[in-house]
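# Descriptive analysis of the structure
Here's the letter readout for the chains.
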Amino acid sequence: MSVGVLDAGVALGWIRGGHRSARKLEALFKGCREGRLQLVISTINLAEVLMHTADWSRSTGGDPVTLLSAAGVRIHAPDEAVARKVAKLGTSSADGFAAATAQELRARLHTTDGELVRRLKGTTIPVSQY
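In short, a report on the structure. (Residues numbered from 1 in each chain as written. Predicted model: local features only at pLDDT ≥ 70, side-chain atom pairs only at ≥ 80, totals over all residues. Heavy atoms only, no water.)

### Describing the pattern of salt bridges
Here is the rule we go by: Salt bridge, as applied in this entry: a Lys or Arg side-chain nitrogen positioned within 4 Å of an Asp or Glu carboxyl oxygen. Each helix is a run of H or I in the DSSP string that is no shorter than four residues. Each strand is a run of E no shorter than two, and both are numbered from the N terminus.
Under the counting rule described, the total for this entry stands at eight salt bridges. In this structure, Arg 118 and Glu 115 form a salt bridge, with 3.2 Å as the shortest nitrogen-oxygen distance. A residue pair is termed a helical-turn pair when its members lie 3 or 4 positions apart in one helix, as Arg 118 and Glu 115 do in helix α8 (residues 114–120) at three residues. Among the salt bridges present, the one from Arg 119 reaches Glu 115, with a minimum N-O distance of 3.2 Å. Within this pair, Arg 119 and its partner Glu 115 are both found in helix α8, separated by four residues, close to a single helical turn. Here the residues in one salt-bridge network are Lys 30, Glu 34 and Arg 36, joined through shared partners.

Right, dumping it as structure tokens:
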């Protein structure tokens, strides 16, 4: 089974809806729900999701962690190996944790961040941009 790592933008786009790549995001999460793909999000990127959905959670009563868990997304706690990879990537910390988690798990990174995609050119991390 293939593994994918989500950055916060992908999770936010799926949770909030209305993203320019909404159909592709829904297909990605459907693959996870159906067991064809395993999706993972770093606790660092999950914190970003929680920060950016605080108003949405208050107004709807929805919980982003519950939604992600119900879709089958696993939460990954970074360790020293991931932290060392982050330090070498030359990205922001949050972007680095998404990318380094993908690198550590030998997984594809799923992102909405064009700048991150540009920074990862020349690395061995496979990336899908939405």
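Having seen the structure, we can now continue with the description.
### Section: the packing of aromatic side chains
Definition in use: Pairs were defined over the aromatic rings of Phe, Tyr and Trp, the Trp ring being its six-membered one, requiring ring centres within 6.5 Å. Orientation was assigned from the angle between planes: stacked under 30 degrees, edge-to-face over 60, tilted for the rest. Only protein chains enter the area calculation, which uses a 1.4 Å probe; residues under 20% of their type maximum are buried, those over 50% are exposed, and those in between are partly exposed.
The full count for this structure, using the stated rule, is one aromatic pair. For the ring pair Trp 14 and Phe 29, a centre distance of 4.1 Å and an interplane angle of 10° mean the geometry is stacked. Of this pair, Trp 14 sits in helix α1 (residues 8–16) while Phe 29 sits in helix α2 (residues 22–33), and the two are 15 residues apart along the sequence. Grouping residues by exposure puts Trp 14 and Phe 29 together as buried.

### What about the sheet that holds strand β4 (residues 108–111)?
As a reminder, the rule being used: In short, DSSP must find at least two bridges between two strands for them to pair. The axes used here are C-alpha line fits, helices contributing only the stretch in contact, and every angle between their N-to-C directions lies in the interval 0 to 180 degrees.
Here we have five strands laid out as an open sheet, ordered β3-β2-β1-β4-β5, and parallel in their pairing. The two strands at the open ends of the sheet, each matched to only one other strand, are β3 (74–76) and β5 (127–129). Along the sheet, successive strands turn relative to each other by an average axial angle of 30°, direction set aside. As paired strands, strand β1 (residues 2–6) and β4 are joined by three bridges and run parallel to one another. In the sheet register, Val 5 faces β4, and the bridge partner there is Leu 109.

### Looking at the pairing of strand β2 (residues 37–42)
Most of β2 is tucked away, with five of its six residues classed as buried. With five bridges connecting them, β1 and β2 associate as parallel partners. Bridge pairing links Val 3 to Gln 38 in β2.

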